[in-house]
Amino acid sequence: MQEFGRAAKSEGSGLIEKKCLSLKGNLASVHSIEEYEFIQKLITQQSHGNPMTWIGGTDCQKNNIWFWSDGRPFFFTFWCAGEPNNAGGNQGCLRMNYGEHHCWDDFQCSHKLPSVCARNL
Ligand SMILES: [Ca+2]
Ligand SMILES: [Ca+2]
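Quick caveat, the model's predicted, so the values are computed rather than measured.

Caption draft 1: Fine view of the overall build of the protein. Scanning the protein for helices and strands turns up two helices and seven strands. If you list the helices and strands of the protein from N to C, you get β-α-β-α-β-β-β-β-β. Relative to its length of 121 residues, the protein is compact, with a C-alpha radius of gyration of 13 Å against a globular reference of 14 Å. Along the first, second and third principal axes, the C-alpha atoms of the protein reach 35 × 30 × 25 Å. Out of the 121 residues belonging to the protein, those deemed buried represent 34%. For the protein, the share of sequence-separated contacts (at least 6 apart) that also reach a separation of at least 24 residues comes to 68%.

Caption draft 2: Highlighting the UniProt feature "domain: C-type lectin" (unreviewed entry) in the protein. Sequence positions flagged by UniProt for "domain: C-type lectin" (unreviewed entry) are, in local numbering, residues 17-118. Secondary structure across residues 17-118 comprises 21% helix and 26% strand; the distance between its end C-alpha atoms is 10 Å.

Caption draft 3: Up close: the nonpolar core. Within the largest apolar cluster, 20 residues are counted, with the highest numbers of intra-cluster contacts made by Leu 27, Ala 28, Ile 39, Ile 55, Val 116 and Cys 117. Where this core is concerned, the elements lending two or more residues are helix 1 (13-22), helix 2 (33-47), strand 3 (53-58), strand 5 (93-98), strand 6 (103-107) and strand 7 (113-120).

Caption draft 4: Layout of the pairing of strand 5. Most of strand 5 sits inside the fold, with six of its six residues counted as buried. Note: strand 3 against strand 5, four bridges, orientation antiparallel. From the neighbouring strand, Trp 54 faces strand 5, where its bridge partner is Arg 95. Two strands pair when backbone bridges link them, and strand 5 and strand 6 are joined in this way by four bridges, in the antiparallel orientation. Bridge pairing links Tyr 98 to Cys 103 in strand 6.

Caption draft 5: The environment of Leu 42, seen in detail. Residue position: Leu 42 is located in helix 2. Sequence-wise, Leu 42 and Val 116 are 74 residues apart; in three dimensions their C-alpha atoms are separated by 9.1 Å. Other than its neighbours up to four places away in sequence, Leu 42 contacts Phe 4, Arg 6 and Val 116.

The rules we used
- Every residue gets a number counted from 1 within its own chain, in the order that chain's sequence is written.
- Each chain is given a letter, starting from A, and each ligand a number, starting from 1, according to the order in which they appear as written.
- Totals for whole chains, interfaces and linings use all residues, but because this is a predicted model, local features are given only for residues with pLDDT of at least 70 and pairs of side-chain atoms are given and counted only at 80 or more.
- Counting from the N terminus, the helices are the DSSP runs of H or I reaching at least four residues and the strands are the DSSP runs of E reaching at least two.
- All radius of gyration figures rest on C-alpha atoms, and the globule criterion is 2.2 Å times the number of residues raised to 0.38.
- Three exposure classes are used. Buried residues have 20 or more other C-beta atoms within 10 Å of their own C-beta, exposed residues have 12 or fewer, and partly exposed residues fall in between, all C-beta atoms being placed from the backbone.
- Once C-beta atoms have been placed from the backbone, residue pairs whose C-beta atoms lie within 7 Å are recorded as contacts.
- UniProt positions are given in the numbering used here, feature names are shortened, and annotations may be inferred rather than shown by experiment.
- By convention the nonpolar core is taken to be a set of buried residues drawn from Ala, Val, Leu, Ile, Met, Phe, Trp, Tyr and Cys and joined through C-beta atoms within 7 Å.
- Any two strands between which DSSP finds at least two bridges are classified as paired.

What follows is the structure, given as structure tokens:
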């Protein structure tokens, strides 16, 4: 069981992970379509929209080897068509709600976006 919380203030992914850690959590990880839809609903409730949002997927250590910052296995994916494309050679973080299908895109970690933290209960 995880508890989720949304941070509306936009930051780079690394800084957000630090903030989540300070709340004894991590950027959210997603393990099923139901969980993804739950997180999307949370974002919509709080923002009244579908903003692109950081969650905890990263391939910073080795390109195209993805893992969740909370250490849980990276099995479920919801990548957009053609993603992850590592555009520019330095896309190491995962933003959700990308494009018309609200799917996943790998993106530059320094970009400032809102985020969702999670912690295990
Ligand atoms: Ca990458
Ligand atoms: Ca990309």
